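# A closer look at the structure
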Amino acid sequence: ITEKDMPLLDEVVAKEVEVFRGFETKNMAVPPGSQTLFHLQHIQMWTKLRPYYHQVLEEASKLFDLHVYTMGERGYAEEMVKLLDPDKSFFGDHIVSKNDSTSNSVKDLDVLIGTEKSVLILDDSPKVWHRHRANVLEVERYHFFPSSLKHFHIRGKCLLERKNDENSKFGPLASVLKVLKEIHKEYFSNTEPGETDVREILKARKKRVLAGCNICFGKMFPEGGAPEHLERHPLWKLSEEFGAVCTRLLDDGVTHVVSSTDIALGQTAKAVVVKPQWIYASAYHFARAREERYRPQEKARDNKG
């Protein structure tokens, strides 16, 4: 099951991107069938399909029965699916929209045929799957348009403003496809696949990503915070979900110190200091990210006196 929007595409109201004509012209001058930027005039929207989306759908459709699940209206969902799958070779008519769901606020597998232990969910918002979080393979959001960053209160420039796009071979979708294939292979390696629980396979695969990492969060959390409070922090929980051991105590057992600002924090324990983004990158790509790409800048020191 895949959510229709930010895992595979991004969209924006047409009037918000009129200034970016350069990328539009460049993108339209591509071979037939390769277009990824669309101006849907009848609904006044621009839609950008994510690099590598077609390869993911093509390969995944050979291994899985694919469905689209969205909390949007059916008419809108069908418009987006036409772009992703114009000949219905991947999804067919398997679209679950707001009109079909049993709830307006959460997503649930009760509207689909199949057992929980055989379903994988690709979504950028695991929290909407209250009863099925263990089935979710979280996909990094695709922030192509400026409004996407604004909606999630993220600072910086979007891909369009940078006149750039994700790398097809090394982007998040390539990592997702690799993991899907791994899970499928392990699921059917059992002589009785029906007895296998895909949730346990996914859980074990996540644990391998940061296995062996002892993470101290440095100044990420308020001083004096109660341990039970710290353990509920999303970054702490994500680290543990992907196999790390988390602590606030900086000692010789710590391998990584997470801090946004101070590279000196890890010197006494000979640990590697990384930004919080290192954890997210590792989780989204299901592989331990290279630490040197996520080193914070060292604070300027006062050498007076």
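In what follows, the structure referred to is the one given above.
Here we summarise the structure given alongside this text. Each chain has its residues counted from 1, following the order in which its sequence is written. Under the rules for a predicted model, residues below a pLDDT of 70 receive no local features and side-chain atom pairs below 80 are neither given nor counted, while totals for whole chains, interfaces and linings still include all residues. Computation of side-chain values: all heavy atoms of the structure, hydrogens and water removed.

Attention shifts here to the sheet that holds strand E10 (residues 256-258). With parallel pairing, four strands are arranged side by side in an open sheet as E9-E8-E10-E11. If you trace the sheet from one side to the other, it starts and ends with strand E9 (245-247) and strand E11 (272-274), each paired once. When the angles between neighbouring strand axes are averaged without regard to direction, this sheet yields 30°. When DSSP locates at least two bridges between a pair of strands, those strands are taken to pair. Numbering goes from the N terminus for both helices and strands, where a helix is a DSSP run of H or I of at least four residues and a strand is a run of E of at least two. Pairing of strand E8 (residues 214-216) with E10, which is carried by two bridges, proceeds in the parallel orientation. Bridged to Ile 215 within E10 is His 256. Against the sheet, helix H8 (residues 234-241) touches E8, E9 and E10, its axis set at about 150° to E9. Each axis is a line fitted through C-alpha atoms, taken for helices only over the stretch in contact, and angles between the N-to-C directions span 0 to 180 degrees. Pairs of residues are marked as contacts when any of their non-hydrogen atoms sit within 4.5 Å.

Turning to the layout of surface pockets, a few remarks are in order. A cavity, in this analysis, means grid points on a 1 Å lattice covering only the protein atoms where a 1.4 Å probe fits yet has no way out; a pocket is instead an open set bounded by protein on both sides within 12 Å along at least five of seven lines, and a residue lines either one if it has an atom within 4 Å of a point. Grid points are joined across faces, edges and corners, and a volume is the space filled by probe spheres set on the points. Its volume calculated, the second largest pocket comes out at about 550 Å³. Around the second largest pocket sit 25 residues that line it, and Phe 64, Asp 65, Ser 118, Val 119 and Leu 120 are the ones nearest its centre. Looking at the lining of the second largest pocket, the elements with two or more residues in it are helix H2 (53-60) and helix H5 (172-187). Take the lining of the second largest pocket: its biggest share by element is four residues, from H5.

Salt bridge criterion: a side-chain nitrogen from Lys or Arg within 4 Å of a carboxyl oxygen from Asp or Glu. Counted under the stated rule, the structure contains 18 salt bridges. Arg 74 is the salt-bridge partner of Glu 78, the closest N and O atoms lying 3.4 Å from each other. Of the two residues, Glu 78 and Arg 74 are both situated in helix H3 (residues 74-84); the distance of four residues between them amounts to about one turn of the helix. Throughout this description, buried means an accessible area under 20% of the type-specific maximum (1.4 Å probe, protein chains only), exposed means over 50%, and partly exposed covers the range between. For Glu 78, a relative accessible area of 34% corresponds to the partly exposed category. A salt bridge links Lys 206 to Glu 241; the nearest nitrogen and oxygen atoms lie 2.6 Å apart.

Aromatic rings from Phe, Tyr and Trp, with only the six-membered ring used for Trp, were paired whenever their centres fell within 6.5 Å, and each pair was classed as stacked if the ring planes differed by under 30 degrees, edge-to-face if by over 60, and tilted otherwise. Overall, the coordinates contain six aromatic pairs when judged by the stated rule. Ring geometry for Phe 217 against Trp 236: centres 5.6 Å apart, planes inclined by 20°, an arrangement best described as stacked. Of this pair, Phe 217 sits in the loop between E8 and helix H7 (227-230) while Trp 236 sits in helix H8, and the two are 19 residues apart along the sequence. As far as burial versus exposure is concerned, Phe 217 and Trp 236 are alike and both buried.

Before going further, it helps to spend a moment on H2. Taken as a whole, H2 has its buried residues at Tyr 53, Val 56, Leu 57 and Ala 60. With its buried residues spanning 95° around the axis, H2 presents them on a single face. Close packing links the buried residues of H2 with strand E3 (45-49), H3 and H5. What the arc covers is the set of directions going from the helix axis to the C-beta atoms.

On to the environment of Val 136. For Val 136, the location among the structural elements is in strand E7 (residues 136-138). Judged by relative accessible area, Val 136 falls into the buried class, the value being 0%. Among all residues touching Val 136, those that are not within four sequence positions of it are Ile 121, Asp 123, Pro 126, Trp 129, Leu 202 and Lys 206.

By the secondary structure assignment, Leu 63 is in the loop between H2 and strand E4 (68-69). Along the sequence, Leu 63 and His 184 sit 121 residues apart, while their C-alpha atoms lie 7.2 Å from each other. When sequence neighbours within four positions are dropped, the list of residues in contact with Leu 63 reads Lys 181 and His 184.

Here we come to the nonpolar core. To form a nonpolar core, buried Ala, Val, Leu, Ile, Met, Phe, Trp, Tyr and Cys residues must be joined to one another through side-chain atoms within 4.5 Å. If you look at the biggest cluster of nonpolar residues, it comprises 53 residues, and the most contacted ones within it are Leu 57, Leu 137, Ile 215, Phe 217, Trp 278 and Ile 279. Those elements that place two or more of their residues in this core are strand E2 (37-40), H2, H3, H5, helix H6 (198-207), H8 and helix H9 (277-285). Broken down by element, the residue count for this core peaks at seven residues, all from H5. Residues Val 12, Leu 37, Phe 144 and Cys 158 belong to the second largest nonpolar core, which totals ten residues.

Burial within E3 is extensive, with five of its five residues counted as buried. Neither face of E3 is open: one carries Met 45, Thr 47 and Leu 49, the other Trp 46 and Lys 48, and all of them are buried. Across four bridges, E2 lies against E3 in antiparallel orientation. Looking at E3, one finds that Phe 38 is bridged to Thr 47. If you look at the hairpin formed by E2 and E3, you'll find four residues sitting between the two strands, and Gln 44 has a positive phi there, around 55°.

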